[in-house]
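# Chains, contacts and geometry: an overview
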Amino acid sequence: MNAPDRFDLFYLPPGAKKMTITPDPKVENGATFEILREDHTMGNLIRFKLLEEPQVVFAGYKVPHPLEHNVILKVQTTNDTKPDMMVAKALNDLITEVGYLKQKFVEELGRARALVIPREQKPMEEQTPLGIPARDNIPIGNTGVGVDMDF
(Lines give C-alpha, C1' and ligand atoms only; values in the text may rest on other atoms or scores of the structure.)
Protein backbone atom coordinates (compact mmCIF):
# COMPACT_ATOMS: atom_id res chain seq x y z
CA MET A 1 0.00 0.00 0.00
CA ASN A 2 1.27 3.51 -0.79
CA ALA A 3 -0.11 5.19 2.31
CA PRO A 4 2.46 6.31 4.89
CA ASP A 5 2.48 4.87 8.39
CA ARG A 6 -0.16 6.35 10.70
CA PHE A 7 2.39 7.63 13.20
CA ASP A 8 3.73 9.89 10.44
CA LEU A 9 0.55 11.95 10.88
CA PHE A 10 1.77 13.37 14.19
CA TYR A 11 5.31 12.16 14.92
CA LEU A 12 7.92 14.88 14.45
CA PRO A 13 11.33 13.39 13.61
CA PRO A 14 14.21 14.23 15.96
CA GLY A 15 15.86 17.52 15.07
CA ALA A 16 12.98 18.72 12.89
CA LYS A 17 11.39 22.10 13.62
CA LYS A 18 7.60 22.24 13.94
CA MET A 19 7.45 25.51 12.00
CA THR A 20 9.82 27.23 9.60
CA ILE A 21 9.43 30.84 8.52
CA THR A 22 10.64 32.08 5.14
CA PRO A 23 10.33 35.79 4.32
CA ASP A 24 8.83 36.37 0.88
CA PRO A 25 11.26 38.45 -1.23
CA LYS A 26 8.56 39.37 -3.78
CA VAL A 27 5.88 40.58 -1.38
CA GLU A 28 6.42 43.38 1.12
CA ASN A 29 5.62 42.24 4.68
CA GLY A 30 4.91 38.73 3.42
CA ALA A 31 6.13 35.40 4.72
CA THR A 32 5.62 31.70 4.18
CA PHE A 33 5.23 29.39 7.17
CA GLU A 34 5.62 25.64 6.79
CA ILE A 35 4.04 23.73 9.65
CA LEU A 36 5.00 20.06 9.87
CA ARG A 37 2.63 17.25 10.87
CA GLU A 38 -0.57 19.29 10.64
CA ASP A 39 -3.54 19.18 8.26
CA HIS A 40 -6.46 21.28 7.03
CA THR A 41 -7.86 21.60 10.55
CA MET A 42 -4.93 23.62 11.87
CA GLY A 43 -4.35 25.47 8.60
CA ASN A 44 -7.94 26.69 8.39
CA LEU A 45 -8.07 27.65 12.08
CA ILE A 46 -4.94 29.79 11.80
CA ARG A 47 -6.07 31.34 8.51
CA PHE A 48 -9.49 32.22 9.93
CA LYS A 49 -7.97 33.75 13.07
CA LEU A 50 -5.48 35.77 11.01
CA LEU A 51 -8.22 37.19 8.79
CA GLU A 52 -10.02 38.56 11.86
CA GLU A 53 -7.13 40.99 12.38
CA PRO A 54 -7.23 44.31 10.50
CA GLN A 55 -3.42 44.34 10.12
CA VAL A 56 -3.52 41.17 7.98
CA VAL A 57 -3.87 41.87 4.27
CA PHE A 58 -3.76 38.25 3.10
CA ALA A 59 -3.78 34.85 4.78
CA GLY A 60 -4.08 31.55 2.95
CA TYR A 61 -2.92 27.99 3.34
CA LYS A 62 -2.52 24.84 1.34
CA VAL A 63 -1.67 21.21 1.96
CA PRO A 64 0.85 20.32 -0.76
CA HIS A 65 -0.25 16.70 -1.15
CA PRO A 66 -2.86 14.54 0.60
CA LEU A 67 -0.21 12.05 1.72
CA GLU A 68 2.07 14.78 3.12
CA HIS A 69 0.92 16.08 6.47
CA ASN A 70 2.33 19.57 6.21
CA VAL A 71 0.62 22.93 5.89
CA ILE A 72 2.02 25.88 3.98
CA LEU A 73 0.62 29.16 5.28
CA LYS A 74 1.18 32.46 3.44
CA VAL A 75 0.63 35.73 5.29
CA GLN A 76 0.92 39.36 4.26
CA THR A 77 0.48 42.20 6.73
CA THR A 78 0.37 45.98 6.67
CA ASN A 79 3.50 48.01 7.36
CA ASP A 80 2.47 48.35 11.02
CA THR A 81 3.38 44.79 11.95
CA LYS A 82 5.26 41.69 10.79
CA PRO A 83 3.74 38.37 9.66
CA ASP A 84 5.46 36.33 12.37
CA MET A 85 4.02 38.57 15.08
CA MET A 86 0.51 38.19 13.69
CA VAL A 87 0.82 34.38 13.44
CA ALA A 88 2.08 34.28 17.04
CA LYS A 89 -0.91 36.41 18.13
CA ALA A 90 -3.33 34.18 16.21
CA LEU A 91 -1.88 31.04 17.82
CA ASN A 92 -2.07 32.58 21.30
CA ASP A 93 -5.69 33.61 20.67
CA LEU A 94 -6.53 30.06 19.57
CA ILE A 95 -4.90 28.61 22.69
CA THR A 96 -6.99 30.98 24.82
CA GLU A 97 -10.21 30.03 23.02
CA VAL A 98 -9.54 26.30 23.32
CA GLY A 99 -8.85 26.74 27.04
CA TYR A 100 -12.14 28.57 27.45
CA LEU A 101 -14.03 25.85 25.54
CA LYS A 102 -12.43 23.16 27.69
CA GLN A 103 -13.38 25.01 30.89
CA LYS A 104 -17.01 25.42 29.77
CA PHE A 105 -17.22 21.77 28.68
CA VAL A 106 -15.95 20.55 32.05
CA GLU A 107 -18.45 22.83 33.85
CA GLU A 108 -21.38 21.57 31.77
CA LEU A 109 -20.25 17.97 32.15
CA GLY A 110 -20.29 18.45 35.92
CA ARG A 111 -23.80 19.88 35.74
CA ALA A 112 -24.99 16.99 33.57
CA ARG A 113 -23.50 14.42 35.93
CA ALA A 114 -25.12 16.18 38.90
CA LEU A 115 -28.50 15.81 37.20
CA VAL A 116 -28.01 12.22 36.07
CA ILE A 117 -26.38 10.59 39.08
CA PRO A 118 -29.22 11.30 41.55
CA ARG A 119 -31.73 10.01 38.97
CA GLU A 120 -29.93 6.69 38.69
CA GLN A 121 -30.07 6.16 42.44
CA LYS A 122 -33.89 6.16 42.45
CA PRO A 123 -36.04 3.31 41.15
CA MET A 124 -37.11 3.88 37.54
CA GLU A 125 -40.77 4.33 38.57
CA GLU A 126 -39.90 7.32 40.77
CA GLN A 127 -37.76 9.15 38.22
CA THR A 128 -39.01 12.19 36.35
CA PRO A 129 -37.71 13.39 33.00
CA LEU A 130 -34.86 15.90 33.32
CA GLY A 131 -36.14 19.41 33.97
CA ILE A 132 -39.83 18.42 33.68
CA PRO A 133 -41.83 18.19 36.89
CA ALA A 134 -43.95 15.07 37.24
CA ARG A 135 -47.73 15.41 36.93
CA ASP A 136 -50.12 13.07 38.71
CA ASN A 137 -52.12 12.18 35.63
CA ILE A 138 -49.20 11.23 33.33
CA PRO A 139 -47.52 7.85 33.86
CA ILE A 140 -43.72 8.19 33.64
CA GLY A 141 -42.42 4.89 34.97
CA ASN A 142 -41.23 1.78 33.17
CA THR A 143 -40.21 3.55 29.97
CA GLY A 144 -36.97 1.62 29.72
CA VAL A 145 -35.07 4.81 28.92
CA GLY A 146 -31.85 5.33 30.82
CA VAL A 147 -28.99 7.77 30.53
CA ASP A 148 -25.38 6.62 30.52
CA MET A 149 -22.96 9.46 31.25
CA ASP A 150 -19.75 7.50 31.75
CA PHE A 151 -17.11 9.23 29.65
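These lines cover the structure that appears in this document, whether it is placed above or below. What you are looking at is a predicted structure, and each value in this text was computed from that prediction instead of being measured.

The final tally for this structure, using the stated rule, is 7 salt bridges. For Glu-108, the salt bridge identified is with Arg-111, shortest N-O distance 2.3 Å. Here the residue Glu-108 and the residue Arg-111 both occupy positions in helix H2 (residues 83–121), the gap between them amounting to 3 residues, near one helical turn. The exposure class of Glu-108 is partly exposed, given its relative accessible area of 44%. In the salt-bridge network here, residues are joined through shared partners; they are Lys-49, Glu-52 and Glu-97.

What follows deals with the sheet that holds strand E1 (residues 19–23). In sheet architecture, strand pairing relies on hydrogen bonds along the backbone and comes in two forms, parallel and antiparallel. Sheet architecture is open: 4 strands sit in the order E1-E2-E4-E3, paired in antiparallel fashion. The sheet is open, and its two edges are formed by E1 and strand E3 (56–62), each paired on a single side. For this sheet, the mean angle separating the axes of adjacent strands, direction not counted, is 15 degrees. Where E1 lies against strand E2 (residues 30–36), 5 bridges are found, and the strand directions are antiparallel. Within the sheet, the bridge partner assigned to Pro-23 lies in E2 and is Ala-31. Relative to the sheet, helix H1 (residues 40–51) contacts E2, E3 and strand E4 (70–77), its axis offset from that of E3 by approximately 175 degrees.

Among the nonpolar cores identified, the biggest contains 14 residues, and Phe-33, Ile-46, Leu-50, Val-56, Leu-73, Val-75 and Val-87 are the most heavily contacted of them. Put simply, the parts of the chain that give this core at least two residues each are E2, H1, E3, E4 and H2. Residue contributions to this core peak at 4 residues, all from H2. Setting aside its immediate chain neighbours within four residues, Phe-33 contacts Met-19, Thr-20, Ile-21, Val-71, Ile-72, Leu-73, Val-75, Pro-83, Asp-84 and Val-87.

Cut-offs and rules
- Starting from 1, residues in each chain are numbered consecutively following that chain's sequence as written.
- pLDDT decides what is reported in this predicted model: residues at 70 or higher carry local features, side-chain atom pairs at 80 or more are listed and counted, and totals for whole chains, interfaces and linings draw on all residues regardless.
- Side-chain numbers here rest on the full set of heavy atoms in the structure, without hydrogens or water.
- Put simply, a salt bridge is a Lys or Arg side-chain nitrogen that is within 4 Å of an Asp or Glu carboxyl oxygen.
- Counting from the N terminus, the helices are DSSP H or I runs at least four residues long and the strands are E runs at least two residues long.
- For every residue, the accessible area (1.4 Å probe, protein chains only) is compared with the maximum for its type, and the residue is labelled buried under 20%, exposed over 50%, or partly exposed between those bounds.
- For two strands to be treated as a pair, DSSP must find at least two bridges joining them.
- Working convention: axes come from line fits to C-alpha atoms, limited for helices to the stretch in contact. Angles between N-to-C directions cover 0 to 180 degrees.
- Throughout, a contact is declared for two residues whenever any of their heavy atoms are within 4.5 Å.
- Within this scheme, the nonpolar core is defined by two criteria: the residues are buried Ala, Val, Leu, Ile, Met, Phe, Trp, Tyr or Cys, and they are joined through side-chain atoms within 4.5 Å.

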